[in-house]
Amino acid sequence: MDDATTAYAKPLSWPDSDEQPASTQSNPNLDSPAAPEPVGKQPESTNERTLDRWFLEQRGSKRVPKRLDITNELLVSPGGPLKMTGNITLIDEDGNVSHSNNLNLCRCGASKNSPLCDDQHLDIEFFDSGAVTQISDWMPVNRPQTVTVTVVKDGPLKFRGYLRIFNKRGQECITMNGSLCRCGKSSKKPFCDSKHGCCSG
Ligand code: FES
């Protein structure tokens, strides 16, 4: 790892040298960071959230990923979804790969459009305080990173790559990989506790 890399990505304790953050490894599909784009813009329908409208751009005859100059963040909303922004690669249960800069991920387990939120949490009156109590094991960074979220069949959302998980009460956890509960039953929400039949961990 060279100095330029370590300047912006320092774990609290260094892992083995071959465990570099995914975001610091070269990726021929990603260009230099582009100018920031508004990430607060919300789609008008649930289906639009599934699309790659924020992430891919047309280059000639190709659509190529565009890494935005934003860090990966996951806002845990009380009683609502996991609101993820950043440079996200999503791999669904069938192995299909899509890219996005803005996803609302279901964590109540009731969505009919899983892994995305379709507001079913309102109907089932899902309740969770949105507390984030896990301790960070990585330092904050400001450069663009990538994160890959894998939907495990009958299991959690596994992520790998820099992610700042936070809530609006000032709690945060910065980490490079983990599993997020998507059944709503974990005792360690927003993380999976691997205890429920719906989550194989
Ligand atoms: S969190 Fe919104 S449908 Fe599950």
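In case you missed it, the structure is sitting above this.
Below is a short write-up of the structure. (Residues numbered from 1 in each chain as written. Predicted model: local features only at pLDDT ≥ 70, side-chain atom pairs only at ≥ 80, totals over all residues.)

## What about the overall build of the chain?
So, step 1. A tally of helices and strands in the chain yields three helices and eight strands.
So, step 2. N-terminal to C-terminal, the α/β element order of the chain is α-α-β-β-β-β-β-α-β-β-β.
So, step 3. Looking at the 201 residues of the chain, the share that counts as buried comes to 33%.
So, step 4. In the chain, of all internal contacts separated by at least 6 residues, the share reaching a separation of at least 24 is 59%. (Helix = DSSP H or I, 4+ residues; strand = E, 2+ residues; numbered from the N terminus. Buried ≥ 20, exposed ≤ 12 C-beta atoms within 10 Å, placed from the backbone. Contact = placed C-beta atoms within 7 Å.)

## Thoughts on unusual backbone geometry
So, step 1. Along the chain, Ser114 connects to Pro115 via a cis peptide bond; the corresponding omega equals 15°.
So, step 2. Inspection of the secondary structure assignment puts Pro115 in the loop between strand S5 (97-105) and helix H3 (120-123).
So, step 3. Each neighbour pair has its own omega, and for Lys189 with Pro190 the value is 10°, a cis peptide bond.
So, step 4. Within the secondary structure, Pro190 is located in the segment after strand S8 (172-180).
So, step 5. A positive phi angle, near 75°, is found at Asp119, a position not held by glycine.
So, step 6. Examined against the element boundaries, Asp119 turns out to sit in the loop between S5 and H3.
So, step 7. Exposure remark for Asp119: the 15 C-beta atoms within 10 Å place this residue in the partly exposed category.

## Structural notes on the environment of Thr85
So, step 1. One can find Thr85 in strand S4 (residues 82-91).
So, step 2. Residue Thr85 is classed as buried on the basis of its 20 C-beta neighbours within 10 Å.
So, step 3. Residues Thr85 and Asn72, 13 residues apart in the sequence, show an inter-C-alpha distance of 5.7 Å.

## Focus: the pairing of S8
So, step 1. Note that strand S7 (residues 157-166) and S8 share eight bridges and pair antiparallel. Bridge pairing in S8 links Lys158 to Ser179.
So, step 2. The turn joining S7 and S8, which pair antiparallel and follow one another in sequence, is formed by five residues; a positive phi near 95° is taken by Gly170. (Pairing = 2+ DSSP bridges.)

## Some remarks on the environment of Val97
So, step 1. Inspection of the secondary structure assignment puts Val97 in strand S5.
So, step 2. Given 11 C-beta atoms within a 10 Å radius, Val97 is considered exposed.
So, step 3. Placed 52 residues apart in sequence, Val97 and Val149 show a C-alpha to C-alpha distance of 9.8 Å.
So, step 4. Dropping the residues within four chain positions of it, Val97 is found in contact with Thr89 and Ile91.

## Structural notes on the pairing of strand S6 (residues 147-151)
So, step 1. Sheet analysis places S4 next to S6, joined by four bridges and oriented parallel. Directly across from Thr89, in S6, lies its bridge partner Thr148.
So, step 2. Two successive antiparallel strands, S6 and S7, enclose a turn made up of five residues, where Asp154 displays a positive phi of approximately 55°.

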